[in-house]
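Notes for the structure review
Residue strings, one per chain:
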Amino acid sequence: MTTQAELATRFEAERGRLRSVAYRMLGSLSEAEDAVQEGWLRLQRADAGEVHNLGGWLTTVVGRICLDMLRARTTRREEPLEDGGAGEFRLPDPVVRPADPVHEAELADTVGLALLVVLDTLAPAERLAFVLHDMFAVPFEDLAPIVERTPAATRQLASRARRRVQGATAPADTDLARQREVVGAWLSATRAGDFEALLELLDPDVLLRVDQGPGTAALLVRGALAVAGQAALYGRMAPDTFAAFVGDGVGMVTAPGGKVASIGWFTFRAGRVVGVDIIVDPERIATLGIDWPEA
């Protein structure tokens, strides 16, 4: 008979992978932790002696929990904005680390934020089928009961999701060295109030999105002139803004006195910035628990 201590040890060995599953499903670090914890509670209530493949069992259980959470969102969450729209939207939670060689080694295991944005446009069942099958190699036979479809229909869900993901995300064509160069130039230009230098970094059709949190209208700005002008407005914050690893690329963190006030990241194409995403919601930033060294 498996003791609670043994069960807890086995669960902890799976926790990191389960958190990765839940984060890719939900795009929220705090909700991912909640889903994993609920998986632990369900394991405690189950007959562990009947679970022969604990990793597989936990993956499907956490996947089902995430599916229920995604479905619950549809009745209360904000929709992403179209150009020129007004309202609220939510960018995915980023994993943020200082931009140093120690943390660079961790980037290979970090999911891209652009991918999470696209995953957020999928129907809950499509997202589950794609994430669990394509990213974690869960067989369709195991996924089918979760989404209440046949294995063949589940395969179609994943295939449809895969086409949408591939159509909306392009392979990275800007290496980290160039990303660092662009972000460094961005910070220098904003500190100096150099509007022309900012324009040189931006694609003509660049899109800026600022997630200001629930109850606050989002900021959506299109075009190099408008985005450069918006960036210049925040020049007073530039001395407290630093390059950082945000998701799987180079972004920036504004942290006056070591307290994180905003997190931003860039989408690149051919070495130029085509997208700028920024989170300024203080409550949400607080939940990320980022420790940033004082300058």
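In case you missed it, the structure is sitting above this.
What this report covers is the structure whose coordinates are included nearby. The structure displayed is predicted, hence computed values, not measured ones. (Residues numbered from 1 in each chain as written. Predicted model: local features only at pLDDT ≥ 70, side-chain atom pairs only at ≥ 80, totals over all residues. Heavy atoms only, no water.)

Before going further, it helps to examine the pattern of salt bridges. Applying the stated criterion to the full structure yields 17 salt bridges. Here R160 makes a salt bridge to E126, at a shortest N to O gap of 2.6 Å. Taken together, the residues span a long stretch of sequence, with R160 in helix α8 (residues 151-168) and E126 in helix α6 (residues 124-135) at a distance of 34 residues. When its relative accessible area of 7% is taken as the criterion, E126 is described as buried. As a salt-bridge pair, R209 and D277 come within 2.7 Å of each other at their nearest N and O atoms. Placement of the pair is R209 in strand β2 (residues 202-211) and D277 in strand β7 (residues 272-279), with a sequence separation of 68 residues. Classification of D277 as buried rests on a relative accessible area of 5%. Through salt bridges with shared partners, a single network forms among E31, R73, D120 and R127. (Salt bridge = Lys/Arg side-chain N within 4 Å of Asp/Glu carboxyl O. Helix = DSSP H or I, 4+ residues; strand = E, 2+ residues; numbered from the N terminus. Buried < 20%, exposed > 50% of the residue type's maximum accessible area, 1.4 Å probe, protein only.)

This part covers the side chain of R97. Residue placement: R97 occurs in strand β1 (residues 96-98). In this structure R97 comes out as buried when scored by relative accessible area, which is 7%. A distance of 2.5 Å separates a polar side-chain atom of R97 from the backbone oxygen of G247. (Polar contact = N/O pair within 3.5 Å; in protein donor to acceptor, adjacent residues only side chain to side chain.)

For a regular strand, side-chain orientation follows a simple rule: the groups alternate between the two sheet faces. Of all ten residues making up β2, eight are buried, and the element is well covered by its neighbours. Of the pairings in the sheet, the one linking β2 to β7 comprises six bridges and is parallel in character. What sits directly across from L202, in β7, is V273. (Pairing = 2+ DSSP bridges.)

In terms of nonpolar packing, the biggest core is built from 60 residues, with M25, V96, L119, L128, V260, I263 and W292 touching the most fellow members. Setting aside residues up to four positions removed in sequence, L128 forms contacts with M25, G63, R64, L67, H133, L143, I146 and V147. Grouped together as the second largest cluster of nonpolar side chains are 26 residues, L187, A228, M252 and F266 included. (Core = buried A, V, L, I, M, F, W, Y, C linked by side-chain atoms within 4.5 Å. Contact = heavy atoms within 4.5 Å.)

On to the packing of helix α2 (residues 29-45) against helix α3 (residues 54-73). Between α2 and α3, the shortest axis-to-axis distance is 9 Å and the interhelical angle comes to 130°. With respect to α3, the axis of α2 lies oblique. Between α2 and α3 the crossing geometry is right-handed. Across from E31, A35, E38, G39, R42 and L43 in α2, the residues of α3 making contact are L54, W57, L58, V61, V62, I65, C66, M69 and R73. Tallied by class, the residues present in the contact of α2 with α3 amount to ten nonpolar, one polar and four charged. (Axes fitted to C-alpha atoms, helices over the stretch in contact; angles between N-to-C directions. Parallel < 35°, antiparallel > 145°, perpendicular 65-115°, else oblique. Left-handed = near helix turned anticlockwise from the far one by under 90°. Nonpolar A, V, L, I, M, F, W, Y, C, P; charged D, E, K, R; others polar.)

Read these as geometric descriptors, not functional statements.
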